[in-house]
Amino acid sequence: MEQQKDYDIFLSYRREGGETTAILIRDRLTEKGYNVFLDIENLNAGSFNTKLLDVIDNCKDFVLICSKGALDRCNNPDDWVRLEIAYAFAKEKNIIPIMLRGFEWPAEIPSEIAGLEYQNGVAAEKNEYFDAAIDRLIDKFLLSKSSKSGMKAVGTFVKIGLIASILEALIFYISVVLNAIVF
Ligand code: BDR
């Protein structure tokens, strides 16, 4: 398992059917400057891994990848996805479901994760809308900040400064020309 460090976003997913999308989302968000935790290694059998809970604890956002049938096993109290969601609820994390093609809410949702179906989330049903879904996730749902957003602000600031200097030089040039004409 990855060493615990400063993660902002926890990706929860069902291995069967959700792993590839989880990796894709992790890669996209990482490219965009977010610290994303994704457990893609096998965990040891036995009790639920407390390290995972620590990571959830330290993250602001809990992104749940709802692939087809992802929540169907959540009626099992030992199901890891269920335990992760329940913990995220208990810790009042910002829970964001991403609904993939073919996903349906199960008829019965255990009380510990009840309300999940009413959380606002992102529908990423078609592959061609995937990038748009990631942008929506970033713009509308994530509380985490990208390490690149500061760079963007600096870039904008530099551009504004440059435009202001050009305008200043232009005004100076015009005033010099006008002075020459008038006097
Ligand atoms: C789920 O359990 C954990 O291994 C991962 O965090 C993932 O959300 C997959 O079975």
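Computed from a predicted model, the values in this text were never measured in an experiment. (Residues numbered from 1 in each chain as written. Predicted model: local features only at pLDDT ≥ 70, side-chain atom pairs only at ≥ 80, totals over all residues. Heavy atoms only, no water.)

A.B. asks: For this particular structure, what's the right way to read the packing of helix H1 (residues 15-31) against helix H4 (residues 130-141)?
C.D. replies: When two helices pack together, their arrangement is given by the angle between the helix axes and the distance between those axes. Contact geometry for H1 and H4: axes closest at 11 Å, N-to-C directions at 60°. One element, H1, and the other, H4, form an angle in the oblique class. With respect to the hand of their crossing, H1 and H4 are arranged in right-handed fashion. Where H1 abuts H4, its residues Thr21, Leu24, Ile25, Arg28 and Leu29 lie against Phe130, Asp131, Ile134, Leu137 and Ile138. (Axes fitted to C-alpha atoms, helices over the stretch in contact; angles between N-to-C directions. Helix = DSSP H or I, 4+ residues; strand = E, 2+ residues; numbered from the N terminus. Parallel < 35°, antiparallel > 145°, perpendicular 65-115°, else oblique. Left-handed = near helix turned anticlockwise from the far one by under 90°. Contact = heavy atoms within 4.5 Å.)

A.B. asks: Would you take a moment to explain the side chain of aspartate 8 for this structure?
C.D. replies: As for its position among the elements, aspartate 8 is in the segment before strand S1 (9-12). On the accessibility criterion, aspartate 8 (16% relative accessible area) is buried. (Buried < 20%, exposed > 50% of the residue type's maximum accessible area, 1.4 Å probe, protein only.)

A.B. asks: What exactly am I supposed to notice about the nonpolar core here?
C.D. replies: A general tendency of soluble globular proteins is for nonpolar side chains to be buried together. The biggest cluster of nonpolar side chains holds 24 residues, and the ones touching the most others in it are Phe10, Phe62, Leu64, Leu71 and Ile85. For this core, the secondary structure elements donating two or more residues are helix H2 (50-58), strand S3 (61-66), helix H3 (80-90) and strand S4 (94-100). Top contributing element to this core by residue count: H3, with five residues. Dropping the residues within four chain positions of it, phenylalanine 62 is found in contact with Phe10, Ser12, Ile56, Glu84, Ile85, Ala88, Lys93, Asn94, Ile95 and Ile96. Residues Tyr13, Tyr34, Val36 and Ala124 belong to the second largest nonpolar core, which totals 23 residues. (Core = buried A, V, L, I, M, F, W, Y, C linked by side-chain atoms within 4.5 Å.)

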